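# Structural description and commentary
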Amino acid sequence: MNGGIGFSAVLGSIFIILYAITIIGLVSLILLENRNPLKTIPWVIVLILLPGIGLIFYYFLGRDHYRLRIITRRLHKRFRKQVPVYRLPDNIGKIPPNYLPLAQLLNRSNYSAIFCGSNISVYTKGTDKFGALLEDIKNAQHYIHFQYYIFSDDRIGHEVRNALTAKAREGVKIRVMYDDVGCWDINKRFFEDMKKDGIEVYPFLKVVFPILTSKVNYRNHRKIVVIDGKIGYMGGMNVADRYFEGNKLGPWRDSHFRITGPGVYGLQSSFLIDWYTASNRLLKGKEFYPGTELCSDMKMQIVMSGPTSPWYTLMQAFLFCISNAKKYIYIQTPYFLPTESLNQALQMASLGGIDVRLMIPKRSDTRSAKMATFSYIDKMLSAGVKVYLYDKGFLHSKLLLTDDMLTCFGSANFDFRSFEHNFEINAFVYQRNFAVEMKKIFLQDIRDCDEITYAAWRKRPITRRLAESFMRLFAPLL
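Let me sum up the structure you'll find in this document.

A few words on the side chain of serine 255. Assignment of secondary structure puts serine 255 in the loop between strand S8 (252–253) and strand S9 (256–260). Given a relative accessible area of 4%, serine 255 falls into the buried group. Of the polar contacts made by the side chain of serine 255, one reaches the side chain of arginine 253; its length is 3.0 Å. In this structure serine 255 touches Tyr123, Thr124, Gly235, Gly236, Met237 and Ser397, once residues within four positions along its chain are discounted.

Quick look at the pattern of salt bridges now. A pair can form between side chains of opposite charge whenever their charged atoms are brought close. In total, this model carries 20 salt bridges according to the counting rule given. With its nearest N and O atoms 3.7 Å apart, the salt bridge here joins arginine 161 to aspartate 193. With arginine 161 in helix H7 (residues 155–169) and aspartate 193 in helix H8 (residues 189–196), this residue pair connects regions lying 32 residues apart in the sequence. The salt bridge partner of glutamate 468 is arginine 460, with a shortest N-O separation of 2.6 Å. We note that glutamate 468, like arginine 460, is buried. Three or more residues joined by partner-sharing salt bridges are found here, namely Lys173, Arg175, Glu200 and Arg281.

Right, let's talk about unusual backbone geometry for a bit. For asparagine 280, which is not glycine, the phi dihedral falls at a positive 65°. Note that asparagine 280 resides in the loop between helix H10 (263–279) and strand S10 (299–305). Here aspartate 403, not a glycine, exhibits a phi torsion of approximately 55°, which is positive. In this fold, aspartate 403 is placed in the loop between strand S16 (399–402) and strand S17 (406–410). Residue classification places aspartate 403 among the buried residues on the basis of a relative accessible area of 12%.

Attention now moves to helix H6 (residues 126–138). Taking 1.5 Å per residue, 13 residues should reach 18 Å; H6 reaches 18 Å between its end C-alpha atoms and fits that length. Taken together, the buried positions of H6 are occupied by Gly126, Lys129, Phe130, Ala132, Leu133, Leu134, Asp136 and Ile137.

Here we take up the packing of helix H5 (residues 100–110) against helix H11 (residues 313–323). In the contact formed by H5 and H11, the axes pass within 10 Å of each other and the chain directions differ by 175°. Between H5 and H11, the interaxial angle falls into the category roughly antiparallel. Contacts between H5 and H11 involve Pro101, Leu102, Leu105, Leu106, Ser109 and Asn110 on the former and, on the latter, Thr313, Gln316, Ala317, Phe320 and Cys321. Looking at the contact of H5 with H11, its residues break down into 7 nonpolar, 4 polar and no charged.

For the rest of this paragraph, the subject is the packing of helix H13 (residues 367–374) against helix H18 (residues 462–472). Taken N-terminus to C-terminus, the directions of H13 and H18 make an angle of 105°; their axes are 7 Å apart at the nearest point. Classified by the angle between their axes, H13 and H18 sit roughly perpendicular to one another. Where H13 approaches H18, its residues Ser368, Met371, Ala372 and Phe374 are matched on the opposing element by Ala467, Glu468, Met471 and Arg472. Here the contact of H13 with H18 is composed, by residue class, of 5 nonpolar, 1 polar and 2 charged.

Spanning 15 residues, H7 covers 21 Å between terminal C-alpha atoms, matching the ideal 21 Å at 1.5 Å per step. Looking at the buried positions of H7, the neighbouring elements they touch are H6, strand S3 (143–148), strand S4 (173–179), H8 and helix H9 (242–245). Directly after H7, the chain includes glycine 171, whose backbone phi takes a positive value near 105°.

Time to look at empty space enclosed by the protein. All told, the structure shown has 3 cavities of 30 Å³ or more when counted by the stated rule. As a volume, the largest cavity reaches approximately 60 Å³. Elements with a contribution of two residues or more to the lining of the largest cavity: strand S11 (328–332) and S16. In terms of residue class, the lining of the largest cavity is built from 7 nonpolar, 4 polar and 1 charged. Computed from the structure, the second largest cavity encloses a volume of approximately 40 Å³.

Of all 5 residues making up strand S14 (residues 386–390), 4 are buried, and the element is well covered by its neighbours. Taken together, the 5 bridges between strand S13 (residues 355–361) and S14 define a ladder with parallel strand orientation. Each residue of the ladder has a partner; that of methionine 359, found in S14, is tyrosine 388. Of the pairings in the sheet, the one linking S14 to strand S20 (residues 449–451) comprises 3 bridges and is antiparallel in character. From the neighbouring strand, tyrosine 388 faces S20, where its bridge partner is glutamate 451.

Rules behind the numbers
- Residues numbered from 1 in each chain as written.
- Predicted model: local features only at pLDDT ≥ 70, side-chain atom pairs only at ≥ 80, totals over all residues.
- Heavy atoms only, no water.
- Helix = DSSP H or I, 4+ residues; strand = E, 2+ residues; numbered from the N terminus.
- Buried < 20%, exposed > 50% of the residue type's maximum accessible area, 1.4 Å probe, protein only.
- Polar contact = N/O pair within 3.5 Å; in protein donor to acceptor, adjacent residues only side chain to side chain.
- Contact = heavy atoms within 4.5 Å.
- Salt bridge = Lys/Arg side-chain N within 4 Å of Asp/Glu carboxyl O.
- Expected span 1.5 Å × (residues − 1).
- Axes fitted to C-alpha atoms, helices over the stretch in contact; angles between N-to-C directions.
- Parallel < 35°, antiparallel > 145°, perpendicular 65-115°, else oblique.
- Nonpolar A, V, L, I, M, F, W, Y, C, P; charged D, E, K, R; others polar.
- 1 Å grid on protein atoms, 1.4 Å probe; cavity = no way out; pocket = protein on both sides within 12 Å on 5 of 7 lines; lining within 4 Å.
- Points joined across faces, edges and corners; volume = space filled by probe spheres on them.
- Pairing = 2+ DSSP bridges.

Rendered as structure tokens:
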């Protein structure tokens with residue numbers, strides 16, 4: 001018996017040694033990747049404190065796929081070159097001088113052309129957005145490109161699916177793409193029925209266990225519709241009933257945008273790149289970029305971002321906008337988990353006399369993200385940033401405004417995941433009238449907010465503040 005016990009002890013010791021070597025090896029690998037220390041430290045803590053669970057989480061979520069070429073830069077550039085207005089136009093000087101470096105940054109790092117002459121309609125209610133979208137689907141003549149992070153099989157999901165199916169029966173080409181993880185809880189028969197009705201449907205980065213499990217961390221968060229190359233939709237709304245009925249958090253306040261004119265080309269380019277990634281089918285031709293009339297003096301850039309890019313383009317662009325603001329910076333976001341550079345830039349702007357206002361939801365759909373978000377508020381308030389908690393439901397809108405001239409909107413939240421992990425798409429609009437329109441909407445939303453005072457915020461229980469500070473350690477992973 002003693003021999004059996006001794007043998008078990010030897011096996012146990014061997015297992016511990018091998019496990020320790022594995023953990024040390026992983027920690028060394030993380031360190032050698034030369035990531036941002038703010039992102040490295042949480043993973044080291046997880047692996048040391050929770051070795052078993054931490055190893056599983058790291059395999060699912062932690063590996064750095066910067067070198068993963070889901071689509072090569074050469075092919076990416078080839079797609080973007082199809083866009084009729086690819087190079088910076090000769091009239092770039094008409095962009096306000098303060099924003100010329102930003103426009104050039106987005107063009108050089110993201111191949112983002114400047115589109116002149118678009119028109120944008122704004123929707124802050126699901127009823128308005130989906131009403132307009134269903135009408136445009138009804139009037140489509142050639143094709144509809146439809147991409148959402150979440151395409152729910154609820155009432156509005158079935159209504160949209162039925163509208164697409166009806167057009168497919170008329171001979172209109174329908175291409176649908178959804179995120180495989182975003183739609184994990186959706187009955188796959190919902191999409192299979194679309195295929196039976198003649199609609200091309202593909203998931204983005206389908207997760208196949210166990211071989212491709214790591215792809216669960218890199219999701220396509222974009223929401224894009226392109227109809228006949230002339231009408232486009234983008235913004236924060238997914239296809240879900242919560243934009244009509246709300247849920248336990250209350251009504252969902254979000255922003256979505258309908259674009260006509262040359263700006264649609266940017267949405268089309270993004271869709272075709274993702275379509276190639278999902279289906280391995282290369283779509284090209286003049287029908288995807290038809291001639292269009294100039295609707296206004298608006299100038300805009302459509303910016304794609306994702307984990308395979310050599311640059312964190314949206315983070316760099318946000319940092320430029322904040323650092324170069326002269327009068328005000330207004331931000332709406334459901335999750336506020338800024339990088340340290342953005343955190344410092346906002347505080348510096350406020351301390352320098354810029355009117356900085358941050359609007360976040362009072363109630364969140366993610367408790368851990370909410371706790372980490374609240375850990376940033378103390379310093380923001382002490383720097384003079386005005387912080388508002390939206391109290392009329394759940395705020396899901398993503399918006400950055402500066403100086404009655406620049407408006408940035410799209411799918412990206414103000415957090416690590418949107419800046420580094422997700423495939424996102426945002427528009428940067430250079431026009432005073434549009435910025436003023438969006439400013440009015442922001443100020444209207446303030447009426448449904450509670451403004452936080454520094455004195456009241458400091459009175460929160462120490463246990464809550466400690467819990468929030470602890471969750472902040474994991475902000476890069478949330």
